[in-house]
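A look at the structure
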Amino acid sequence: MPENHKKVSLIYFVIVTLLLVGLVPLVLTGWLLSDKSGQELRAAENRYQIQLVQEKAHHIEMFGKRYADLVGNLGSAIELSNVNAVLSAPQTEVKLGSILKENPDLLALYIKPPNSESLSVFRAEAITRDDVEKIAADATFGLPNGKVDAGEMQTIASSGERIMTFSSGIPVGGGEPAKIVAIASLRDVTRKTVGYASAKNENLWRSGLPIIFVVDNQGNAIFHPDKTLSATNESMNDLKIVQEWRESGSQVESALVPFRAAFEGTNHEMIGAYSTARISADKSFGVITMQDERTALASVGEMRAQTWTISLLFAIFALVAGYLLSRMMTQPLLHLVTAAKRIADGDFSSRVDARNITEIGTLGASFNVMTDKIEEQIANLAKAAAENRELFVGTVKALAAAIDGKDKYTRGHSERVARISVAIGKRLGMGEQELDTLRMSALLHDVGKIAIDDSILKKPAALTDAEFDIMKTHPQAGYKIMSQIPAMKEFLPGMYMHHEMINGKGYPQGLTGDQIPLQAKIVSVADTFDAMTIDRPYSKGMDLPTSLERIRSFVGTRYDHDVVEALVAACEAGEVANGIVRQLAAIKASAEQDTKTLDRLVA
């Protein structure tokens with residue numbers, strides 16, 4: 001009893017000592033450091049957000065200043081000349097054209113002298129003359145003389161380009177003022193503000209990513225990563241940060257605002273900043289950035305998690321060390337028990353040290369011999385399984401090759417379909433096991449043709465309707481043959497359903513949409529692609545672009561969109577090319593005949 005009591009006391013003494021000496025200071029230090037780092041990170045994030053919105057606002061202001069100055073300078077030049085004829089001179093048009101070339105964002109310059117025809121230069125690829133006239137007429141209505149006015153953002157109907165106008169009225173010869181209008185594209189300033197890539201507002205909220213957008217004086221979105229919001233000038237006034245910017249009356253250059261926002265019924269603690277971009281004396285925009293506080297400061301949580309992880313690891317070390325120190329050389333059977341548990345869990349590499357007391361050593365040596373035998377048997381079984389797998393794959397390939405070999409035009413077809421299917425499957429993110437199953441299914445997709453009479457299968461001309469009906473029975477025939485073999489169960493969907501169509505007009509079951517397994521959708525596209533790119537007695541194979549365009553035309557009716565796009569991506573990446581696709585002349589036939597021919601090709 002005294003020995004047992006001493007042993008137990010030693011365990012607790014060692015563990016408690018290690019925890020008190022090492023774990024408690026580590027936890028306190030780590031927690032304090034992470035809290036301080038969190039404060040510094042918050043301050044750095046605040047500085048970054050303010051700097052970010054100021055930079056974006058500066059881009060917008062520079063954009064407005066550039067074109068306001070351009071219009072103002074033109075107005076000054078016209079006012080100095082004070083001659084109406086100068087506005088209609090050829091040299092003026094040449095000069096305006098050079099200004100247009102020097103400013104990539106400038107779409108058009110328009111000058112309307114008093115009582116004379118207008119003069120305009122514009123980029124024909126982005127805007128039409130009619131658009132220029134209409135926009136200029138709207139922009140110059142009621143302009144005060146000598147003042148440059150920044151118009152509202154609008155969209156050109158003919159090209160979809162978002163623009164802003166800068167206009168001015170300049171007195172010439174003391175009469176009616178000449179009108180000057182510059183039409184500037186907002187594409188570049190949009191890119192510099194919110195970027196080119198479009199993202200759904202819902203996805204931005206759910207991901208916790210920073211959201212940068214711009215609002216006008218009424219709080220409506222004019223630039224936003226979600227293009228639908230800016231296109232419809234969606235009101236953003238439900239956000240407190242937008243309300244605060246509007247309430248500041250653009251008197252505050254920039255400010256940091258912590259606030260709470262609700263999205264999809266969930267409240268989010270947000271941090272954000274706003275800055276004012278002044279385009280003109282009476283027009284300003286609010287540049288807003290905001291982000292979920294938890295996501296923005298995620299590194300603080302990670303740091304604290306690491307602190308707890310390190311503390312936990314140290315606690316485990318303390319437990320192990322205390323246990324080893326107190327039990328060293330007193331429990332030799334424990335190693336044997338541990339090794340036996342590992343063997344039970346499937347780790348057959350486990351061995352025990354047989355250098356203990358004679359009886360324990362003998363038991364350990366016998367245990368090791370037994371483990372050696374088990375490991376050897378497991379290795380033999382694994383080797384046999386691998387050999388059986390290779391034999392199975394070889395048999396499937398041989399069967400597919402034998403079927404393809406019945407028709408010289410389809411020789412190698414099943415192997416090519418398998419390779420194309422695997423390339424598509426990889427693009428769709430399938431795992432190795434799924435890809436292996438897909439490959440076998442593709443190799444066997446035409447196994448039912450073994451039941452089709454050679455007079456039909458090898459017919460050098462197009463099939464008649466009756467012959468085509470017979471050909472359409474090969475999926476059922478293949479299913480009937482292979483469903484009798486239990487090992488073939490997982491390969492049946494691609495074999496049996498690869499002629500089903502998304503719209504339900506396929507065969508043999510007439511399945512629609514999600515009723516068709518992904519395996520069958522992939523084999524269907526791969527089968528059609530290979531059939532379209534090889535020569536037949538009654539047609540020449542299509543070239544790569546034509547075949548892809550043709551397959552894309554059947555998305556939503558015959559084929560699944562994601563599968564077709566995965567095929568296109570594989571072709572563009574060169575994963576489906578040499579040895580699979582033959583570059584031949586495009587088929588020149590009517591759309592109706594093409595559809596009928598395609599039905600027979602993929603049969």
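Procedures and definitions
- Residues numbered from 1 in each chain as written.
- Predicted model: local features only at pLDDT ≥ 70, side-chain atom pairs only at ≥ 80, totals over all residues.
- Heavy atoms only, no water.
- Helix = DSSP H or I, 4+ residues; strand = E, 2+ residues; numbered from the N terminus.
- Buried < 20%, exposed > 50% of the residue type's maximum accessible area, 1.4 Å probe, protein only.
- Contact = heavy atoms within 4.5 Å.
- Areas by Shrake-Rupley, 256 points an atom, 1.4 Å probe, with all protein chains shown as cover.
- Pairing = 2+ DSSP bridges.
- Axes fitted to C-alpha atoms, helices over the stretch in contact; angles between N-to-C directions.
- Core = buried A, V, L, I, M, F, W, Y, C linked by side-chain atoms within 4.5 Å.
- Expected span 1.5 Å × (residues − 1).
- Polar contact = N/O pair within 3.5 Å; in protein donor to acceptor, adjacent residues only side chain to side chain.
- Parallel < 35°, antiparallel > 145°, perpendicular 65-115°, else oblique.
- Left-handed = near helix turned anticlockwise from the far one by under 90°.
- Nonpolar A, V, L, I, M, F, W, Y, C, P; charged D, E, K, R; others polar.
- Phe/Tyr/Trp six-rings, centres within 6.5 Å; stacked < 30°, edge-to-face > 60°.
- Lys NZ or Arg CZ within 6 Å of the ring centre and 35° of its normal.
- Salt bridge = Lys/Arg side-chain N within 4 Å of Asp/Glu carboxyl O.

1. Comments concerning the overall build of the protein chain
Across its full length, the protein chain carries 22 helices and 11 strands. Considering the protein chain as a whole, with its 603 residues, one finds that 44% of them fall into the buried category. Summarising the internal contacts of the protein chain: among those between residues at least 6 apart in sequence, 63% fall at separations of at least 24. When the accessible surface of the protein chain is summed, it comes to about 31700 Å², and 57% of that surface belongs to carbon and sulfur atoms.

2. Things to note about the sheet that holds strand E10 (residues 266-280)
Taken together, five strands build an open sheet; the order of strands is E8-E7-E11-E10-E9 and the sheet is antiparallel. Across the chains shown, the open sheet's two edge strands, defined by having one partner strand only, are strand E8 (221-223) and strand E9 (254-263). Taken over all neighbouring pairs, the strand axes of this sheet differ in orientation by 40° on average, direction set aside. One ladder, built from 10 bridges, connects E10 with strand E11 (residues 283-292); its direction is antiparallel.

3. Here we look at the nonpolar core
Side chains of a nonpolar character, in soluble globular proteins, are inclined to be buried together. With 39 residues, the main nonpolar core has Ile 424, Val 525, Phe 529, Ile 551 and Leu 567 as its most contacted residues. Secondary structure elements with two or more residues in this core: helix H13 (413-427), helix H14 (432-443), helix H18 (492-497), helix H19 (518-532), helix H20 (544-552) and helix H21 (561-572). The dominant element in this core, judged by the number of residues it contributes, is H21, at seven residues. Ignoring sequence-local partners within four residues, the contact set of Ile 551 consists of Val 525, Thr 528, Phe 529, Met 532, Tyr 559, Val 564 and Leu 567. Listed in part, the 37 residues of the second largest apolar core include Ile 60, Leu 74, Leu 96 and Ala 273.

4. Describing the environment of Arg 550
Among the structural elements, Arg 550 can be located in helix H20. The sequence separation of Arg 550 and Phe 529 amounts to 21 residues, and the corresponding C-alpha distance is 9.4 Å.

5. Let's talk about H19
Taking 1.5 Å per residue, 15 residues should reach 21 Å; H19 reaches 21 Å between its end C-alpha atoms and fits that length. With 14 of its 15 residues buried, H19 lies for the most part within the structure.

6. Regarding the side chain of Ser 284
Relative to the elements of secondary structure, Ser 284 occurs in strand E11. Owing to a relative accessible area of 8%, Ser 284 belongs among the buried residues under this scheme. Within polar-contact distance, the side chain of Ser 284 engages the side chain of Asn 217 at 3.2 Å.

7. Focus: the packing of H13 against H19
At their nearest, the axes of H13 and H19 sit 8 Å apart, and the two run at 130° to each other. Accordingly, the angle class assigned to the pair H13 and H19 is oblique. When the axes of H13 and H19 are compared, the crossing they make is right-handed. The residues of H19 that touch H13, namely those facing His 413, Arg 416, Val 417, Ile 420, Ser 421, Ile 424 and Gly 425, are Ile 522, Val 523, Val 525, Ala 526, Asp 527, Phe 529 and Asp 530. Of the residues that constitute the contact of H13 with H19, the class distribution is eight nonpolar, three polar and three charged.

8. A word on the packing of H14 against H19
Where H14 contacts H19, the axes come no closer than 10 Å and their chain directions differ by 55°. Classed by the angle they form, the pair H14 and H19 counts as oblique. Every pair of crossing elements has a handedness; the one defined by H14 and H19 is right-handed. Facing H14, whose interface residues are Thr 437, Leu 438, Ser 441 and Ala 442, H19 presents Gln 519, Ile 522 and Val 523.

9. Looking at unusual backbone geometry
Of the consecutive residues Tyr 507 and Pro 508, the connecting peptide bond is found in the cis state with omega at 10°. Despite not being glycine, Asn 233 has its phi angle at roughly 50°, a positive value. When you line up the elements, Asn 233 lands in the loop between helix H7 (227-231) and helix H8 (240-247). For Asn 233, a relative accessible area of 35% puts it in the partly exposed group. In this structure, Glu 264 takes a positive phi of about 55° despite not being glycine.

10. Looking at the packing of aromatic side chains
What the rule picks out here adds up to six aromatic pairs. Taking the centre distance of 4.6 Å and the plane angle of 35° together, the rings of Tyr 479 and Tyr 496 count as tilted. Pair noted here: Tyr 479 is in helix H17 (residues 474-482) and Tyr 496 is in helix H18, with a separation of 17 residues, a long-range link. You can call Tyr 479 partly exposed: its relative accessible area is 35%. Among the aromatic residues, those joined into a cluster by ring pairs are Phe 63, Tyr 67 and Phe 166. If you follow Arg 558 out to its NZ or CZ, it ends over the ring of Phe 554, 4.7 Å from the centre.

11. Some points on the pairing of strand E7 (residues 211-215)
For E7, a buried count of five out of five residues is recorded, marking the element as mostly surrounded by other parts of the structure. Side chains of E7 alternate between two faces, with Ile 211, Phe 213 and Val 215 and Ile 212 and Val 214 buried alike. By the bridge criterion, five bridges tie E7 to E11 in an arrangement that is antiparallel. Across the sheet, Phe 213 pairs through a bridge with Ile 288, a residue of E11. A loop of five residues connects E7 with E8, the two strands running antiparallel in sequence, and Gly 219 in this loop sits at a positive phi of about 85°.

12. Some words on the side chain of Asp 188
Checked against the element boundaries, Asp 188 lands in helix H5 (residues 187-194). Residue Asp 188 is classed as buried on the basis of its relative accessible area, which comes to 19%. Among the polar contacts made by the side chain of Asp 188, one reaches the side chain of Arg 191 at a distance of 2.8 Å.

13. A look at the pattern of salt bridges
The full count for this structure, using the stated rule, is 15 salt bridges. In this structure, Asp 188 and Lys 192 form a salt bridge, with 3.3 Å as the shortest nitrogen-oxygen distance. With Asp 188 and Lys 192 both in helix H5 and four residues apart, this pair spans about one turn of that helix. Looking at Lys 192, the relative accessible area reads 31%, which means it is partly exposed. Ionic pairing is found between Glu 264 and Arg 206, a salt bridge with its closest N-O pair at 2.5 Å. Of the two residues, Glu 264 is situated in the loop between E9 and E10 and Arg 206 in helix H6 (residues 201-207); the sequence distance between them amounts to 58 residues. The exposed category is assigned to Arg 206, whose relative accessible area is 54%. Where salt bridges share partners, they join Asp 188, Arg 191 and Lys 192 into one cluster.

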